[in-house]
Amino acid sequence: MAQNQPQRQRPDTRKPASGEDHRVRVAREKRERMRAKLFQSVKVVCSGGSIKSPAVIDDVVRHAGVARGTFYQYFTSLEGAVEELALVLADEMTVGIAAVYEPIEDPVMRTATGFQTFLLRAMIDHDWGRFFAYIGLLNGDDNLITSKIQTDIRRGVTAGVYRVPSVDVATDLLMGAKIEAILRIISGEVGTDYVRDIAGMVLAGFGVHRDEAMTKVQ
C-alpha cells in the first residue's frame, strides 16, 4: 500500500493581522503630509501673512506650490478648509495645555490659565494668532475651546465665584476679549504685562473682586 504523501502547504498570502500594508501606509502618510502642507498655506494666506486682500483658493495653491486640483482632493472649498483647520488647531492647543490646565480645580484659575496660554501662544507665533483673529476664534459648541470655557464658567457659577447673566454671555465676553487681545499682541504694541492685565479684567467682568482676580493671573 502506498504511503500517503504529505500535502504541500500553500503559501499564506494574507496580511498580518496586526500589520498594515506597506503601500497603504505610504499612501496614507503622503496624504497626511499634503494635508498638513495645505493647512500651513491656508493658515498663512488666510491670516494676511502673505497677501493683503481677501484670500482665495489660488492664493493657497500658489503658496503651497501645488495644482488647484490637488486642493480639491482634500477640501471642497476654502471656507471648509478654514473651518477644518480652525478645529484642528483649537483642539491641538487645548490638548497641548492639558498637562498644566487639567489638574487645576479652581474654576477661576482654570479660566485664567486657559485665557493667558492662548495669548502667549499668539505672542510666540504671530501667524497662529492672525489666523484665529481672522476667523474670530470659533463659533458654536462643537469644539474643545468653547466646551472647556463653558465648563469652567459653569463651575464658577456653581461655586458662587462667578456672577454672570448667563454662561453664553460670559463666553462671548471672554472670546471677544481674546480676539482683541490677539490683535494687539500681533501688532507688537503690548507685552506680557498686558496679557496679565486683560486676563484680570475678564475675571473681574465675571464678578471676581479685582484684587483677587489679579492674584489669579500672576
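Analysis parameters
Residues numbered from 1 in each chain as written. Predicted model: local features only at pLDDT ≥ 70, side-chain atom pairs only at ≥ 80, totals over all residues. Heavy atoms only, no water. Helix = DSSP H or I, 4+ residues; strand = E, 2+ residues; numbered from the N terminus. Buried < 20%, exposed > 50% of the residue type's maximum accessible area, 1.4 Å probe, protein only. Contact = heavy atoms within 4.5 Å. Areas by Shrake-Rupley, 256 points an atom, 1.4 Å probe, with all protein chains shown as cover. Phe/Tyr/Trp six-rings, centres within 6.5 Å; stacked < 30°, edge-to-face > 60°. Salt bridge = Lys/Arg side-chain N within 4 Å of Asp/Glu carboxyl O. 1 Å grid on protein atoms, 1.4 Å probe; cavity = no way out; pocket = protein on both sides within 12 Å on 5 of 7 lines; lining within 4 Å. Points joined across faces, edges and corners; volume = space filled by probe spheres on them. Nonpolar A, V, L, I, M, F, W, Y, C, P; charged D, E, K, R; others polar. Axes fitted to C-alpha atoms, helices over the stretch in contact; angles between N-to-C directions. Parallel < 35°, antiparallel > 145°, perpendicular 65-115°, else oblique. Left-handed = near helix turned anticlockwise from the far one by under 90°. pLDDT = per-residue confidence, 0-100.

Chemist: Explain the overall build of the protein chain to me, and be specific about the residues and the numbers.
Modeler: Within the protein chain, the regular secondary structure consists of 11 helices and 0 strands. Across the protein chain, helices and strands are ordered from the amino to the carboxyl terminus as α-α-α-α-α-α-α-α-α-α-α. Per-residue burial for the protein chain yields a buried fraction of 40% across its 218 residues. Contacts in the protein chain between residues at least 24 apart in sequence constitute 65% of all its contacts with a sequence separation of at least 6. For the protein chain, the accessible area works out to roughly 12,900 Å², and carbon and sulfur atoms hold 52% of it.

Chemist: An account of the packing of aromatic side chains is requested, with residue identities and associated values reported.
Modeler: Scanning the entire structure with this criterion turns up 6 aromatic pairs. Centre to centre, the rings of F39 and F75 are 5.4 Å apart; their planes meet at 40°, and the pair counts as tilted. Residue F39 is located in helix 1 (residues 22-46), and its partner F75 is located in the loop between helix 3 (68-74) and helix 4 (78-96); the two are separated by 36 residues in the primary sequence. Each member of the pair, F39 together with F75, is buried. Judged by centre distance (5.5 Å) and plane angle (40°), the ring pair of F118 and W128 falls under tilted. Taken together, the positions of F118 in helix 6 (residues 107-124) and W128 in helix 7 (residues 126-135) put the pair 10 residues apart, joining distant regions of the chain.

Chemist: Give me the lowdown on the pattern of salt bridges, citing residues and values where you can.
Modeler: Counting across every chain of the model gives 11 salt bridges. Its salt-bridge partner being D125, residue R121 comes within 4.0 Å of it at the nearest N-O pair. One continuous salt-bridge network, built from bridges that share partners, spans K43, R121 and D125.

Chemist: Could you give an account of empty space enclosed by the protein, naming the residues involved and the relevant values?
Modeler: One simple way to see leftover space: roll a probe sized like a water molecule over the atoms. Inspection of the entire model under this criterion finds 1 cavity of 30 Å³ or more. A volume near 170 Å³ is recorded for the largest cavity. Lining the largest cavity are 16 residues, with Y101, G114, K148, I149 and D152 sitting closest to its centre. Every element with two or more residues in the lining of the largest cavity is listed here: helix 6, helix 8 (144-159) and helix 9 (167-186). Residue classes in the lining of the largest cavity are distributed as 9 nonpolar, 3 polar and 4 charged.

Chemist: Lay out the packing of helix 1 against helix 2 (residues 57-64) with the relevant residues and their values.
Modeler: The geometry of a pair of packed helices is captured by two quantities: the angle between their axes and the separation between those axes. Running from amino to carboxyl end, helix 1 crosses helix 2 at an angle of 120°, the nearest separation of the two axes being 9 Å. Classified by the angle their axes make, helix 1 and helix 2 are oblique. The way helix 1 lies across helix 2 gives a crossing that is right-handed. Along the contact surface, helix 1 presents K37, L38, S41, V42, V44 and V45, while helix 2 presents D59, V60, H63 and A64. Looking at the contact of helix 1 with helix 2 residue by residue, the classes come out as 6 nonpolar, 2 polar and 2 charged.

Chemist: A description of the confidence of the model for the protein chain should follow, citing residues and the corresponding values.
Modeler: Residues of the protein chain with pLDDT of at least 70 account for 83%, and the chain-wide mean is 81. Below a pLDDT of 50 lies the segment residues 8-13, which in the model reaches 0 contacts outside its immediate sequence neighbourhood of four places, other chains included.

Chemist: How would you sum up the side chain of T70? Please name residues and give values.
Modeler: Mapped onto the elements, T70 comes out in helix 3. On the accessibility criterion, T70 (16% relative accessible area) is buried.

Chemist: Describe the environment of V45, with residues and values.
Modeler: Locating V45 in the fold gives a position in helix 1. Note on V45: relative accessible area 3%, which makes it buried. It is 9.3 Å that separates the C-alpha atoms of V45 and D127, two residues lying 82 residues apart in sequence.

Chemist: Give a detailed account of the packing of helix 1 against helix 4, specifying residues and quantitative values.
Modeler: At their nearest, the axes of helix 1 and helix 4 sit 10 Å apart, and the two run at 100° to each other. Accordingly, the angle class assigned to the pair helix 1 and helix 4 is roughly perpendicular. Contacts between helix 1 and helix 4 involve R35, F39, V42, K43 and C46 from the first element and L78, A81, V82, E84, L85, V88 and L89 from the second. Across the contact of helix 1 with helix 4, the residue classes tally to 9 nonpolar, no polar and 3 charged.

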